[in-house]
Amino acid sequence: MNLFDIIGPVMVGPSSSHTAGAVRIGYVARLLLGEPVKKADICLHGSFQATGRGHGTDRALVAGLLGMQTDDERIPVSLQVAEHEGMEVDFWAVELGDVHPNSVKLLLTGSHGKRLELVAASLGGGRIRVCELNGLTANFGGEYPTLIVNNQDKPGIVNEVTAALAQENINIAAMQLYRSKRGSSAVMILECDGEIPKEALGRLRGLPGILDVAYLSLKESEE
């Protein structure tokens, strides 16, 4: 346990779970989309739906989608900022089943037409967990540069992806593999110790059997 786990993030309140975590979910989703958000359907589950408006969850999620950090003083007026920037936002109540009560499903469309579907939970102290990405199981928190590869479920693809990272001298901190069913589509989630160059991402996208590549870079959050 570190100090951040005890005192939480520097943030605009009132709640680390409902506000800081929600900002972080929106921000990570924006980075994964890879382009400005044009339209967002925000589906609130559990306590996010029941008490989220009073805790500012709606504004916090939109703030993250706009690229705001947890200490941004514009969070309380993020809905107005979104309207000014031409982001269309709709809120819905949803039952996501057996998930964390502070969960949300985001259906995003980017300014260039890219789409992203994400389910994530706020765990407290500003920490989050992405549980589902584009309909497939996921499990990562956005603390590392993260590579998400959708691929055909066939031999050799995992080795090609990890070999490509090794050529860039990038160490893999954690790796998860999921598939919908044998021989169908699969997903690799690789949390890395270093950023992956754009050229390497381009080569990965060109590998046989790769259906889609999404990348969560932390460079923007450090600037």
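These notes cover the structure that comes with them. (Residues numbered from 1 in each chain as written. Predicted model: local features only at pLDDT ≥ 70, side-chain atom pairs only at ≥ 80, totals over all residues. Heavy atoms only, no water.)

So, the overall build of the chain
At step 1: In terms of regular secondary structure, the chain is built from 8 helices and 10 strands.
At step 2: Over its C-alpha atoms the chain spans a radius of gyration of 17 Å, differing by no more than 12% from the 17 Å that the globule rule assigns to 223 residues.
At step 3: The dimensions of the chain, computed from C-alpha atoms along their principal axes, are 50 × 35 × 35 Å.
At step 4: Split into buried and exposed, the 223 residues of the chain put 46% on the buried side. (Helix = DSSP H or I, 4+ residues; strand = E, 2+ residues; numbered from the N terminus. Rg over C-alpha atoms; globule rule 2.2 N^0.38 Å. Buried < 20%, exposed > 50% of the residue type's maximum accessible area, 1.4 Å probe, protein only.)

With respect to the sheet that holds strand E5 (residues 127-133)
At step 1: Strand order in the open sheet made by the 6 strands is E2-E1-E3-E4-E5-E6, with mixed pairing throughout. Edge positions in the open sheet fall to strand E2 (88-93) and strand E6 (136-140), since each of these has one partner strand only. Across the sheet, the mean angle from the axis of one strand to that of its neighbour is 25°, orientation sign disregarded.
At step 2: Pairing between strand E4 (residues 115-124) and E5: 6 bridges, direction antiparallel. Residue pairing in the sheet places Ala120 in a bridge with Val130 of E5.
At step 3: Against the sheet, helix H3 (residues 46-55) contacts strand E1 (37-45), E2, strand E3 (102-110) and E4, and its axis sits at roughly 105° relative to E1.
At step 4: Each of E1, E2 and E3 is contacted by helix H4 (residues 57-65), which is oriented at about 145° to E1, the strand it contacts most. (Pairing = 2+ DSSP bridges. Axes fitted to C-alpha atoms, helices over the stretch in contact; angles between N-to-C directions. Contact = heavy atoms within 4.5 Å.)

What to know about the packing of H3 against H4
At step 1: Following both chains from N to C, one finds H3 and H4 inclined at 80°, their axes separated by 5 Å at the closest point. Compared by their axis directions, H3 and H4 come out roughly perpendicular. In this structure, H3 uses Phe48, Gly52, Arg53 and His55 to contact H4, whose residues at the interface are Thr57, Asp58 and Arg59.
At step 2: Class assignment of the residues belonging to the contact of H3 with H4 gives a composition of 1 nonpolar, 3 polar and 3 charged. (Parallel < 35°, antiparallel > 145°, perpendicular 65-115°, else oblique. Nonpolar A, V, L, I, M, F, W, Y, C, P; charged D, E, K, R; others polar.)

What about the environment of Asp72?
At step 1: Mapped onto the secondary structure, Asp72 falls in the loop between H4 and helix H5 (78-84).
At step 2: Judged by relative accessible area, Asp72 falls into the buried class, the value being 17%.
At step 3: Considering only alpha carbons, one finds Asp72 and Ala173, 101 residues apart in sequence, at a separation of 30 Å.
At step 4: In this structure the side chain of Asp72 is engaged in a polar contact, spanning 2.8 Å, whose partner is the side chain of Arg74. (Polar contact = N/O pair within 3.5 Å; in protein donor to acceptor, adjacent residues only side chain to side chain.)

Some thoughts on unusual backbone geometry
At step 1: With a phi angle near 50°, Asn134 is a residue other than glycine that sits in the positive phi range.
At step 2: Along the chain, the position of Asn134 falls in the loop between E5 and E6.
At step 3: Assessed through its relative accessible area of 34%, Asn134 is described here as partly exposed.
At step 4: If you check the backbone angles, Asn169 has positive phi at about 60° while not being a glycine.

Focus on H4
At step 1: Taken across its 9 residues, H4 has 8 buried, putting it largely inside the fold.
At step 2: Of the residues making up H4, those classed as buried are Thr57, Asp58, Ala60, Leu61, Val62, Ala63, Gly64 and Leu65.

Quick look at the pairing of strand E9 (residues 185-192)
At step 1: Counting buried positions along E9 gives 7 out of 8 residues, so the element sits mostly inside the fold.
At step 2: By the bridge criterion, 7 bridges tie strand E7 (residues 146-152) to E9 in an arrangement that is antiparallel. Of the residues in E9, the one forming a bridge with Gln152 is Ser185.
At step 3: Sheet topology note: the strand E8 (residues 172-179)/E9 ladder contains 7 bridges and is antiparallel. If you follow Arg179 over to E9, its bridge partner there is Ala186.
At step 4: The turn joining E8 and E9, which pair antiparallel and follow one another in sequence, is formed by 5 residues; a positive phi near 80° is taken by Gly183.

Focus on the sheet that holds strand E10 (residues 210-216)
At step 1: Strand order in this open sheet of 4 strands is E8-E9-E7-E10, and the pairing throughout is antiparallel. In this open sheet, the two edge strands, each paired with only one partner strand, are E8 and E10. For this sheet the average axis-to-axis angle between neighbouring strands, irrespective of direction, equals 15°.
At step 2: In the sheet, E7 pairs with E10 via 6 bridges, with the strands oriented antiparallel.

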